[in-house]
Amino acid sequence: MTIHKIKVRSNRQYVATIAYRLTNVKENAKQKKEWLKHPKLPSVRLIFLDEKGETCVPVKKYVWFGGSFRNDSSKTRYSRRIFKTPGNAAFINMTIYLQAQGEYWLDEMTIESF
């Protein structure tokens, strides 16, 4: 799932937060190698865009963060990442990856400046 063109200001500090719950989570057999390297559920990627809506940083500068793996989590869990927007950023695309089988509840997704 991707949320496109979230408006941001350049050279500002932000915090991205996701609140989530999981049940009956199992690894995906086709992604086992990747799963063992990066067991984050869910995973979030932030891509910075300029005023034209084009990517304004190289792939290595994308912001990644994610939750901790659990088979079940009846209570809400939070994952946060603080980041600074580059000088030419006008928007962010926020993509959430659900890299395993199971049921997910995304209770909150925010990007706030401070």
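See the structure shown above.
These notes cover the structure that comes with them. Bear in mind the structure is a predicted one, so any value in this text is a computation, not a measurement.

The rules we used
Residues numbered from 1 in each chain as written. Predicted model: local features only at pLDDT ≥ 70, side-chain atom pairs only at ≥ 80, totals over all residues. Heavy atoms only, no water. Helix = DSSP H or I, 4+ residues; strand = E, 2+ residues; numbered from the N terminus. Buried < 20%, exposed > 50% of the residue type's maximum accessible area, 1.4 Å probe, protein only. Contact = heavy atoms within 4.5 Å. Areas by Shrake-Rupley, 256 points an atom, 1.4 Å probe, with all protein chains shown as cover. Pairing = 2+ DSSP bridges. Core = buried A, V, L, I, M, F, W, Y, C linked by side-chain atoms within 4.5 Å. Phe/Tyr/Trp six-rings, centres within 6.5 Å; stacked < 30°, edge-to-face > 60°. Lys NZ or Arg CZ within 6 Å of the ring centre and 35° of its normal.

### Examining the overall build of the protein
From N to C terminus, the protein includes one helix and seven strands. Each of the 114 residues in the protein was classed as buried or not, and the buried ones make up 41%. A sequence separation of at least 24 residues applies to 81% of the contacts in the protein between residues at least 6 apart. Summed over all atoms, the accessible surface of the protein reaches about 7,100 Å², with 48% contributed by carbon and sulfur.

### Topic: unusual backbone geometry
For Lys 5, which is not a glycine, the phi torsion comes out positive at approximately 50°. Note on placement: Lys 5 falls in strand 1 (residues 2-7). Here Lys 5 falls in the partly exposed class, since its relative accessible area comes to 45%. Its identity is not glycine, yet Asn 11 carries a phi of approximately 55°, on the positive side. Along the chain, the position of Asn 11 falls in the loop between strand 1 and strand 2 (13-27).

### Structural notes on the side chain of Ser 43
Looking at where Ser 43 falls in the secondary structure, it is placed in strand 3 (residues 40-49). In this structure, Ser 43 is in contact with Trp 64, Phe 65, Gly 66, Thr 95, Ile 96, Tyr 97 and Gln 99, ignoring residues within four places of it in sequence.

### Thoughts on the pairing of strand 6 (residues 91-97)
The buried fraction of strand 6 amounts to six of the seven residues, a majority that puts the element mostly inside the structure. Relative to strand 6, strand 1 is paired through four bridges, and the arrangement is antiparallel. Residue Thr 2 lies in a different strand from strand 6, and its bridge partner there is Thr 95.

### Description of the nonpolar core
Membership of the largest hydrophobic core comes to 29 residues, with the highest contact counts inside it found for Val 44, Leu 46, Phe 48, Phe 83, Ile 92, Met 94 and Ile 111. At the level of secondary structure, the elements contributing two or more residues to this core comprise strand 2, strand 3, strand 4 (63-68), strand 6 and strand 7 (100-113).

### Structural notes on the side chain of Thr 17
Looking at the secondary structure, you find Thr 17 in strand 2. Since its relative accessible area comes to 4%, Thr 17 is described here as buried.

### What to know about the environment of Val 25
Within the secondary structure, Val 25 is located in strand 2. Between the alpha carbons of Val 25 and Ser 73 there is a distance of 9.7 Å; along the sequence they are 48 residues apart.

### Topic: the packing of aromatic side chains
A complete count under the given rule lists three aromatic pairs for this structure. Summarising the aromatic geometry, the rings of Tyr 14 and Phe 83 are spaced 5.9 Å apart at their centres and angled 15° between planes, so their arrangement reads as stacked. In this pair, Tyr 14 sits in strand 2 while Phe 83 sits in strand 5 (residues 73-84), placing the two residues 69 residues apart along the sequence. Residue classification places Phe 83 among the buried residues on the basis of a relative accessible area of 6%. Arranged with centres 5.7 Å apart and planes meeting at 25°, the rings of Trp 64 and Tyr 97 form a pair that is stacked. Here the residue Trp 64 occupies a position in strand 4, and Tyr 97 occupies one in strand 6, the gap between them amounting to 33 residues. Pairwise contacts between aromatic rings join Tyr 14, Phe 48 and Phe 83 into one cluster. Sitting over the face of the ring of Phe 91, Lys 5 holds its NZ or CZ atom 4.8 Å from the ring centroid.

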